[in-house]
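Commentary on secondary and tertiary structure
The primary structure of each chain is shown beneath.
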Amino acid sequence: MRGIWTTDHVRQAEDRLLAVTPEGALMRRAAHGVAVHAARMLAEHAGSVSGRRVVLLVGAGNNGGDALWAGAFLRKRGVGVAAVLLKPEKAHPQGLAALCRAGGRVVPLADGPQWIENADLVVDGIVGISAKGPLRPDAAELVERVTAPVLAVDLPSGVEPDTGAVDGAAVAATATVTFGALKPVHVLNPERCGEVVFVDIGLGDELGEPDLRRLDAADVAAAWPMPGPSDNKYSQGVTGVAAGSAAYPGAAVLAAAAAVRATSGMVRYAGHAADVVRWHWPEVVATGSIFDAGRVQAWVVGPGIGTGSAGRDVLVHALGQGVPVCADADAITIIAERPEVLDARDPDTPLLLTPHDGEFERLTGKAPGPDRVAAVREAARRFDAVVLLKGHSTLVADPAGRVLVNKARGSWLATAGSGDVLSGLTGALLASGLEPWLAAGVAADIHARAGELAARGVPASASGVLAAIPDAVRQARSLAP
Ligand SMILES: NC(=O)C1=CN([C@@H]2O[C@H](COP(=O)(O)OP(=O)(O)OC[C@H]3O[C@@H](n4cnc5c(N)ncnc54)[C@H](OP(=O)(O)O)[C@@H]3O)[C@@H](O)[C@H]2O)[C@@H](O)CC1
Ligand SMILES: Nc1ncnc2c1ncn2[C@@H]1O[C@H](COP(=O)(O)OP(=O)(O)O)[C@@H](O)[C@H]1O
Ligand SMILES: [K+]
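Bear in mind the structure is a predicted one, so any value in this text is a computation, not a measurement.

Below, the discussion takes up the overall build of the protein. In terms of regular secondary structure, the protein is built from 19 helices and 18 strands. Relative to the 2.2 N^0.38 estimate, which gives 23 Å for 481 residues, the radius of gyration of the protein is 26 Å and therefore close to what a compact globule would have. Considered along the principal axes of its C-alpha atoms, the protein spans approximately 80 × 40 × 40 Å. The buried share among the 481 residues of the protein stands at 56%. Contacts spanning at least 24 positions in sequence make up 71% of the contacts within the protein whose residues lie at least 6 apart.

Dropping the structure here:
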């Protein structure tokens, strides 16, 4: 599991490390990392390093200092370096001196556009972890002129570091070199960051508990249920799926099938689409009603069940069984409209809610807004449940405040029915005994991998995502050390 730290925590850790480190050493280490990656990008995009032209966009703080030092290092490799200073009076003095000593030049702000247009690479050192709000007009005007690849120092300027939100002009980087710790922007707005390269500057021991976490392939592989020699169809956990209706049988088929694809235990289906489910997936034990469905180790309730009294009875029944419940889609709307249905839940029974933004707003009375992490954390606390907030990147919070982020792998999952696949996956992992927070995070990871594998560069359907689940699991296992 990888940790991600908010800027406050990074700053505190940096201050502690700075106090015991020779002056300027951390910045030079960071800047060296930027220069190494800049040279790599020049070789890749422009075919060579020496003789190429790099323009540094330099802001008022240490982020600009990193860029200036990186420019000095690049000069030593024969790169032509020009710095555009947004606030000359506040440019990092030692960085500026180092660049000038190395033969870099400082160009007036007014000439910036012309230099930028002729650059092979632009380094964004406008603002780092002390950023507030979008780019200011002078910086925005320069950034607008850029056509070359952009290497962002620490984070793409103009993007809110702790939320990834963009509310005006901001850099869209080809790559970002970050130092000491991953920050929320790197996982909440991966598109703006491009490839994220991590440079260790020794903050590790100073950072403390992470604010957010991300699963590695190894975590996913370790958590994924695999049958052992003494297992049978029951011992691995039976997944119950209460989804679909005569009008919407597709949701039932997709959710039940995702559970079938996910693990080798048994899947039970209960609902009005029993015949359709049986026809497509003969291995599913299907019945017309949840009230005679037999025992399961977790219930998925909601996709396509409708929001009327019949759906409500199904949800209340599932909540009373003493097994984990994943409430999705219509089940979330039912809870939003009649919160008293949750009285059926034994407080110790794990509940997992998986809203998209619209359902989240219905459930909590408020749209997630720009700070999605804060929103999902608050909802988890309020409902005493694990909440998985869908979106481009997926967030999973538990009532204790832990948050997992699953970084998007493209936007392939923005297709009808893909949420039903996710709920089936999640249910299967809950039934296998994984704690809900991890089950939801692992399901989101495999879901995103399956989306990417199904698409391979062109739009995919939910059925395609479903079919790619086994390969997604294989991929995660093959990447685990
Ligand atoms: N500490 C360390 O050990 C290490 C730190 N490191 C590096 O330092 C960086 C943090 O540096 P920092 O704290 O000096 O602030 P930074 O992000 O450069 O901002 C400075 C100024 O920018 C301005 N500004 C604000 N918003 C703006 C906007 N939207 N658009 C335009 N301008 C805006 C505002 O100044 P103002 O213009 O208001 O005077 C603000 O004060 C960090 O990200 C990493 O790169 C590495 O070297 C590793 C070691
Ligand atoms: N633009 C996007 N990029 C990445 N993933 C997305 C995007 N839009 C939606 N998704 C994912 O696709 C799934 C859609 O779920 P949902 O909205 O419930 O769809 P449906 O109800 O059609 O099944 C969620 O897992 C969500 O995180
Ligand atoms: K930056």
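Moving on from the coordinates now.
With that out of the way, let us pick up the packing of helix α12 (residues 309–319) against helix α13 (residues 330–337). One way to put it is that α12 packs onto α13 with a least axis distance of 10 Å and a crossing angle of 95°. When the interaxial angle is binned, α12 and α13 end up roughly perpendicular. Of α13, the residues touching α12 (which contributes G311, R312 and L315) are D330, A331 and I334. Along the lines of polarity and charge, the residues of the contact of α12 with α13 split into three nonpolar, one polar and two charged.

Attention shifts here to the site of ligand 2. Lining the immediate surroundings of ligand 2 are 17 residues, of which K390, S411, L413, A414 and G419 lie closest. Considering each element in turn, the shell around ligand 2 owes the most residues, four residues, to helix α16 (residues 418–431). Classifying every residue of the shell around ligand 2 by side-chain character gives six nonpolar, nine polar and two charged.

Turning to unusual backbone geometry, a few remarks are in order. Despite not being glycine, D154 has its phi angle at roughly 70°, a positive value. For D154, the position within the fold is in the loop between β6 (150–153) and β7 (175–179). For D154, a count of 29 C-beta atoms within 10 Å gives the class buried. Positive phi values are uncommon outside glycine, yet R456 reaches one of about 40°. Secondary-structure assignment places R456 in the loop between α17 (436–455) and α18 (462–467). Taking the C-beta count within 10 Å as the criterion, R456 has 10 such neighbours and is therefore assigned exposed.

Mapped onto this numbering, the UniProt entry annotates "domain: YjeF N-terminal" (unreviewed entry) at residues 10–209. The span residues 10–209 shows a helical share of 38% and a strand share of 17%, and its end C-alpha atoms are spaced 11 Å apart.

The rules behind the values
- Residues numbered from 1 in each chain as written.
- Chains lettered and ligands numbered in written order.
- Predicted model: local features only at pLDDT ≥ 70, side-chain atom pairs only at ≥ 80, totals over all residues.
- Helix = DSSP H or I, 4+ residues; strand = E, 2+ residues; numbered from the N terminus.
- Rg over C-alpha atoms; globule rule 2.2 N^0.38 Å.
- Buried ≥ 20, exposed ≤ 12 C-beta atoms within 10 Å, placed from the backbone.
- Contact = placed C-beta atoms within 7 Å.
- Axes fitted to C-alpha atoms, helices over the stretch in contact; angles between N-to-C directions.
- Parallel < 35°, antiparallel > 145°, perpendicular 65-115°, else oblique.
- Nonpolar A, V, L, I, M, F, W, Y, C, P; charged D, E, K, R; others polar.
- Near = placed C-beta within 6 Å.
- UniProt positions renumbered as here; feature names shortened; annotations may be inferred.

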